[in-house]
Number of protein chains: 2
Amino acid sequence: MRPSPPSETFPAQTPAAAQIFTIVLSHGPLTRAEIARRAALSPAAVTKAVRPLIETGYLLEDIDEEHRRVLGRPANPVRVDGDRALFLGVKVTGDEIIAVLTDLCCRIRVARHIPLGDRQPGGVLATLSDLVLELRTAAEEFGAPVKGMGVAVSGDVDRAEGMVRYSPFLDWRDVPLANLAAMTTGLPVTVDNDVRALTVAEQWFGAGVGLSDFALVTVGAGIGCGLVVGGRVVSGAHGVAGEIGHLSLDPAGPPCHCGNRGCVEAIASDSAIVRDVRAATGIDVADAAEALELAHRGDAGAREVYARAGAAIGRAIGSVVNLLGPERVIISGEGLAAYDLFAERIRDTFAASAFGAAARCDVRTRPLPFEEWARGAAATAIQSFIRSDPPKE
Amino acid sequence: MRPSPPSETFPAQTPAAAQIFTIVLSHGPLTRAEIARRAALSPAAVTKAVRPLIETGYLLEDIDEEHRRVLGRPANPVRVDGDRALFLGVKVTGDEIIAVLTDLCCRIRVARHIPLGDRQPGGVLATLSDLVLELRTAAEEFGAPVKGMGVAVSGDVDRAEGMVRYSPFLDWRDVPLANLAAMTTGLPVTVDNDVRALTVAEQWFGAGVGLSDFALVTVGAGIGCGLVVGGRVVSGAHGVAGEIGHLSLDPAGPPCHCGNRGCVEAIASDSAIVRDVRAATGIDVADAAEALELAHRGDAGAREVYARAGAAIGRAIGSVVNLLGPERVIISGEGLAAYDLFAERIRDTFAASAFGAAARCDVRTRPLPFEEWARGAAATAIQSFIRSDPPKE
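These numbers were taken from a predicted model, which means no experiment stands behind them.

1. Some details on the interface of chain A and chain B
Now for step 1: Each partner contributes to the interface: chain A provides 42 residues, whereas chain B provides 42 residues.
Now for step 2: Summing both partners gives a buried area of about 3,700 Å² for chain A against chain B, and 62% of it is carried by carbon and sulfur.
Now for step 3: Contact with chain B buries area across many residues of chain A, yet A:H238, A:L323 and A:F355 alone supply 22% of it, more than any other trio.
Now for step 4: Counting the contacts that link chain A with chain B gives zero salt bridges.
Now for step 5: Connecting chain A to chain B are 18 residue pairs in polar contact (both at pLDDT 80 or more).

2. Points about the relation of the copies chain A and chain B
Now for step 1: Under the fitted operation, chain A is carried onto chain B by 0.0 Å of movement along the axis and a turn of 180 degrees, and the coordinates agree to an RMSD of 0.0 Å. In symmetry terms, the pair is related by a two-fold rotation axis.
Now for step 2: Most of the interface of chain A is mirrored in chain B, where 100% of its interface residues again form contacts.

3. Describing helix α9 (residues 270–281) of chain A
Residues and elements named next belong to chain A.
Now for step 1: Taking 1.5 Å per residue as the helical rise, α9 with its twelve residues ought to reach 16 Å, and the 16 Å between its terminal C-alpha atoms agrees with that figure.
Now for step 2: Looking at the buried positions of α9, the neighbouring elements they touch are α8 (264–268), α10 (288–296) and α11 (300–324).
Now for step 3: Once α9 finishes, G282 follows within two positions and takes phi at roughly 75 degrees, a positive value.

4. Details of the state of the cysteines
Now for step 1: Enumeration according to the criterion identifies zero disulfides over all chains in this entry.
Now for step 2: Between B:C256, a free cysteine, and B:C258, which holds the nearest cysteine sulfur, the sulfur-to-sulfur gap is 3.8 Å.

5. Remarks on the side chain of B:D194
Now for step 1: Looking at where B:D194 falls in the secondary structure, it is placed in helix α7 (residues 194–205).
Now for step 2: When residues no more than four places from it in sequence are discounted, the contact partners of B:D194 are B:K91, B:A152, B:V153, B:S154 and B:W373.

6. Points about the domain arrangement of chain A
Now for step 1: Domains assigned within chain A are domain 1 (15–80), domain 2 (86–200 + 372–387) and domain 3 (209–365).
Now for step 2: Look at where the C-alpha atoms of domain 1 of chain A and domain 3 of chain A centre, and you get two points 41 Å apart.

7. Here's the deal with the side chain of A:S384
All names here are of chain A.
Now for step 1: Positionally, S384 belongs in helix α13 (residues 370–387).
Now for step 2: Of note is the side chain of S384, whose polar atom sits 3.1 Å from the side chain of R159.
Now for step 3: With residues up to four places along the chain from it excluded, the contact list for S384 reads R159, T190 and D389.

8. Some details on unusual backbone geometry
All names here are of chain A.
Now for step 1: For the bond from G28 to P29, the omega torsion is 0 degrees, close enough to zero to count as cis.
Now for step 2: Tracing the backbone through its elements, the reader meets P29 in the loop between α1 (15–27) and α2 (32–39).
Now for step 3: Its identity is not glycine, yet C106 carries a phi of approximately 65 degrees, on the positive side.
Now for step 4: Phi is positive for D174, close to 50 degrees, though the residue is something other than glycine.

9. Let's talk about the pattern of salt bridges
Two side chains with opposite charge may pair up if their charged atoms get near one another.
Now for step 1: All chains considered together, the criterion is met by 36 salt bridges over all chains.
Now for step 2: In this structure, A:D192 and A:R159 form a salt bridge, with 3.3 Å as the shortest nitrogen-oxygen distance. Separated by 33 residues along the polypeptide, A:D192 in strand β10 (residues 189–193) and A:R159 in the loop between β7 (156–158) and β8 (163–167) bring together distant segments of the chain. Taken individually, A:D192 and A:R159 each receive the classification buried, so the pair is uniform in this respect.
Now for step 3: Of the charged contacts, one joins B:D158 and B:R165 as a salt bridge, the two residues approaching to 2.9 Å between their closest N and O atoms. For the residue pair B:D158 and B:R165, the accessibility class agrees, reading buried in each case.

10. Brief notes about the sheet that holds strand β6 (residues 146–153) of chain A
Residues and elements named next belong to chain A.
Now for step 1: If you trace the five strands from one edge of the open sheet to the other, you get β5-β4-β3-β6-β10, paired in mixed fashion. Sheet topology places β5 (108–115) and β10 at the edges, where each strand pairs with a single neighbour. On average, each strand axis in the sheet is inclined to that of its neighbour by 15 degrees, with strand direction left out of account.
Now for step 2: Docked against the sheet, helix α6 (residues 177–185) engages β6 and β10, running at close to 145 degrees with respect to β10.
Now for step 3: Of the strands in this sheet, β3 (86–92), β4 (96–103), β5, β6 and β10 touch α13, which is tilted by about 130 degrees from β3.

11. What to know about the packing of helix α7 (residues 194–205) of chain A against α13(A)
Residue and element names in this part refer to chain A.
Now for step 1: One way to put it is that α7 packs onto α13 with a least axis distance of 7 Å and a crossing angle of 75 degrees. By the angle between their directions, the pair α7 and α13 is classed as roughly perpendicular. From α7, D194, V195, A197, L198, V200, A201, W204 and F205 reach across to α13, where they touch E372, W373, R375, G376, A377, A379, T380, I382, Q383 and I386.

12. Focus: the packing of aromatic side chains
All names here are of chain B.
Now for step 1: Evaluated as defined, the whole model comprises 20 aromatic pairs over all chains.
Now for step 2: Between F10 and Y58 the ring centres are 5.0 Å apart and the planes differ by 70 degrees, which places this aromatic pair in the edge-to-face class. Of the two residues, F10 is situated in the segment before α1 (15–27) and Y58 in the loop between α3 (43–55) and β1 (59–61); the sequence distance between them amounts to 48 residues. With respect to class, F10 is no different from Y58; both count as buried.
Now for step 3: With a centroid separation of 5.9 Å and an interplanar angle of 90 degrees, the aromatic rings of Y339 and F342 are classed as edge-to-face.

13. Things to note about the sheet that holds strand β3 (residues 86–92) of chain B
Residue and element names in this part refer to chain B.
Now for step 1: Pairing within the open sheet is mixed, and its five strands lie in the order β5-β4-β3-β6-β10. Unpaired on one side and paired on the other, β5 (108–115) and β10 (189–193) mark the two borders of the sheet. Here the strands of the sheet are splayed against their neighbours by 15 degrees on average, with no regard to which way each runs.
Now for step 2: In this sheet, β5 lies alongside strand β4 (residues 96–103) in antiparallel orientation, the contact comprising seven bridges. Looking across to β5, one finds that I97 is bridged to I114.
Now for step 3: Across the sheet, helix α5 (residues 121–139) is in contact with β3, β4, β5 and β6 (146–153); its angle to β4 comes to roughly 30 degrees.
Now for step 4: Contacts from α7 reach β3, β6 and β10, with the element oriented near 105 degrees to β10.

14. Considerations on the packing of α1(B) against helix α2 (residues 32–39) of chain B
Residues and elements named next belong to chain B.
Now for step 1: One way to put it is that α1 packs onto α2 with a least axis distance of 10 Å and a crossing angle of 110 degrees. Taken together, the axes of α1 and α2 lie roughly perpendicular to each other. Pair α1 / α2 crosses with right-handed handedness. Where α1 abuts α2, its residues Q19, I20, I23, V24 and H27 lie against I35, R38 and A39.
Now for step 2: Within the contact of α1 with α2, the residues separate by chemical class into five nonpolar, two polar and one charged.

15. Some details on the confidence of the model for chain A
Note that predicted coordinates carrying low pLDDT should not be read in detail.
Residue and element names in this part refer to chain A.
Now for step 1: The pLDDT averaged across chain A works out to 91; a share of 94% of its residues lies at or above 70.
Now for step 2: In the model, residues 1–6 has pLDDT below 50 throughout and makes eleven contacts with residues more than four positions away in sequence or in other chains.
Now for step 3: Confidence estimates for the predicted assembly give a pTM of 0.89 and an ipTM of 0.88.

16. Description of the environment of A:H113
Residues and elements named next belong to chain A.
Now for step 1: Position of H113 among the secondary structure elements: in strand β5.
Now for step 2: Since its relative accessible area comes to 43%, H113 is described here as partly exposed.
Now for step 3: If we skip the residues at most four places from it in the chain, H113 touches E96, I97, I98 and E371.
Now for step 4: Polar side-chain contacts of H113 include one of 3.4 Å to the side chain of E96.
Now for step 5: At a separation of 3.4 Å, a polar atom in the side chain of H113 contacts the side chain of E371.

Criteria and thresholds
Residues numbered from 1 in each chain as written. Chains lettered and ligands numbered in written order. Predicted model: local features only at pLDDT ≥ 70, side-chain atom pairs only at ≥ 80, totals over all residues. Heavy atoms only, no water. Contact = heavy atoms within 4.5 Å. Buried area = accessible area lost by both parts, 1.4 Å probe. Salt bridge = Lys/Arg side-chain N within 4 Å of Asp/Glu carboxyl O. Polar contact = N/O pair within 3.5 Å; in protein donor to acceptor, adjacent residues only side chain to side chain. Least-squares fit on C-alpha atoms with pLDDT ≥ 70 in both. Helix = DSSP H or I, 4+ residues; strand = E, 2+ residues; numbered from the N terminus. Expected span 1.5 Å × (residues − 1). Disulfide = S-S within 2.5 Å. Domains from an automatic or database assignment. Buried < 20%, exposed > 50% of the residue type's maximum accessible area, 1.4 Å probe, protein only. Pairing = 2+ DSSP bridges. Axes fitted to C-alpha atoms, helices over the stretch in contact; angles between N-to-C directions. Parallel < 35°, antiparallel > 145°, perpendicular 65-115°, else oblique. Phe/Tyr/Trp six-rings, centres within 6.5 Å; stacked < 30°, edge-to-face > 60°. Left-handed = near helix turned anticlockwise from the far one by under 90°. Nonpolar A, V, L, I, M, F, W, Y, C, P; charged D, E, K, R; others polar. pLDDT = per-residue confidence, 0-100.

Below, the structure is given as C-alpha cells:
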C-alpha cells in the first residue's frame, strides 16, 4: 500500500467504476469476467475501470500464473484492499454515541461507546469530537488515512443536504449536522437516517447480499424500515422513506407523537409497550426491560400487550410486502429481545395480510447490536467516498 | 420505412441500447449529446448504439446541415419512427374488452370496445381473437408489421411467467394467459397487471415523464397502485406489488374479499360504496352510478360514505408516501367521477398522515379512460419488444 495525502480522492471517475468497486466490495474476490456479468458491462469496460483501481492500491489482484496463461487476458480474481483506507461510523441514540473505526471493507477495527449527557446539537458535537479524536489516534497504528465519517441519526434525515430535519429522540429540528461535524472534525461527513445506514451495511455485507429487493424492519425505541428496491436503497424524493412506524393501522388506536392515531409506533415501540403494560397490569414498570421481564415471568396482561404489538408489526410488514413485494424482510432492532413474545403473532398477522403470492416473502430475524448500526454509518461514508459525492467540508 | 419480416427482432442488443431507445421514445427528439447526458453514458457509446437503430429505421435523424457543420459530429436530433411498427393493447375488465392498435410511439390508431359475455378464460380468448383479427385487418392500411400484443388484467399477474395468478373480477386463478393468447393469435404476448401497465404508459408518455419516483393510484371497481422507484416500475419478487387496495387501515372495518377487515378496497371501492350508501340511506341503489347520483343530489348519508372513502384513500396514499417518498402521486380511475365528493378528505387525510417532508409530495388527479389502460397494455408490449424479452409464442 502506498501512502497518500488525505485529500486524495477515489479514482473511480464514472458511475460504472463506482458500481464495479461496490460489486467487488460486496462479492469479491471476483474475476473481471464475473464482475462484467454482475454489472451487465462488457469485459473490456471492466478491465479499463479496474486498472486505475489496482494502480492506486484500492483493488488487489491475486496473482495466479496458471490462470493468466490459460485465458490470455487477466483472469486473476481481484479484491478490495481493506487496509487502503479507514472510515469512522457513528450512531447517535437518545442515550449514547456508538462509534467505530472500520477499514475500507467495513470491518470494525475499534469500537467505542460513550453516554450522551447533553442531547442539544452542541453537546452531541462536543462528545462526537472527543470520540473522533480518540478513534483517529487509534487509527494511526493502522497506517492508513481516515477518508470520511458517517453519522446515523433516527428520524427525518436529508442525506444530500446533510440535514437532520426532525429527530424525535434527540428533539432536533433542521440541524445541518454534516456541515457542523465536518467543521469540527475536518473530515468529509455523510449524515443519514440510521435505519437507511444499517440497510446499506445489510445490502453490502449482511442478509441483503445478492437481493435486489428487501426490507429491513427495526423494532425498539422506534419502529423503522429500510427499503432496497431494484438494488437501490430508497431515500425518498424529499428525504423521507421507510417510515413504517407511521403507517396508520387503526383510526381508534392510541395517539402517536406524530399527531395521528394508531400508528405502528404508537402500538409497538418500547414506550408504547411500557405504557400499555402499566395500564394492563397496574404495575408501574420503569422501562422496556422491566416490561419484558414481567411478560417473561408469565404475566398474562403483559404478554397480551406484546402479542398486540406483534400483530401491529405483522400488519405493517404485510403493508410493505403488499406494496413492494420484496424477496425478504429482515426484522432486527433491540426489540428482538422480546421476539419470543411476539414472533408468532407477527408471522400469523403477516401471513393473513399478505396478498396472494406476496406471502412467499421470506421473513426472518437477525440480531444487529448498535455497533452494527455504527458500522452502517461507516458504510454510508464508504459509499460517499466511492461515489465521490460532493463532500460537506 | 423498409418492410421487414414479422419475425424480425429489435436491433438493440444491449441493455444500454434498449435504455437509449426508451429515452428517445419518451423525451425525443434528442441529440446524441442529450441522450448521453440522460443515460449517463459516453457520447461515443450513444453514437454506436444509435447507428443500427437508424439503419433499421427505428430511429430517424432530422437532417439539419447547419448543426452538422457547427459541431463536427452528428448533432442532429433523432426521434422514434412511430410508423416503423404496430402493437396491440388490450384491457380486460369484468364487463368488456377494450383494445387499441398503436404505433411504435404508442399513439392510438384504432380503438375498439366489445362487451364481455363469458368471463371464463376460453370465452375471453374467443372474444379477444375476434378483436385481434379485426385490429390486424385495420392495421393493414398502415403498412407496418404488428410486432406484439400486451394484455392488461387486474389482480395478481406474473409478467415474467405470463400468468394470471388471481383476478378477483374475472374469478380466474393460475391462467397461463400469455401462452394461450400467443397460441390463439400467433403474436408475442405480454401479460401484466392493468395498473402496472398503465404506470408504464404514464412513465413514458404521461404525468410521470421525467420523474424517477412516482405512484399512480387508481380508484374504481378496485383500488390499485403502480409504483415507479428509482426509474423502474416495481413488480415485486413474486409478481405482487402496489396492492394498496389491501393495506389494512382498520381492524374493526368491513370485511374484504381477500379475507381481512378494513382494507382500503373494502371501504372505498365501488362495491363498498354501493353497500355503504344502501346501509346509510335505506335506498337500494343499483350500482356506483346511482350511488353517485344520490350523493350529487345532496343526500347527506351518501355524501358521508364518499367522505369516508376519501379518508381511506388519503390514509392509503399517506402510507405509500411514508414508505417511498415519491415526488408525485397521480390519482386516476373511473372513481374520479366522484372526485368532487372526496377530494377534500383525500387531501386532508393525506396531509395529516404524511410524515415530515414526505407531505411535500405533489398529489394530483388525472382522468385516464379505459382506452388509456389498453394503451398501457400496448406500452408493455413495446417494452418487451425493445428489451427483446423472451416471447411467449
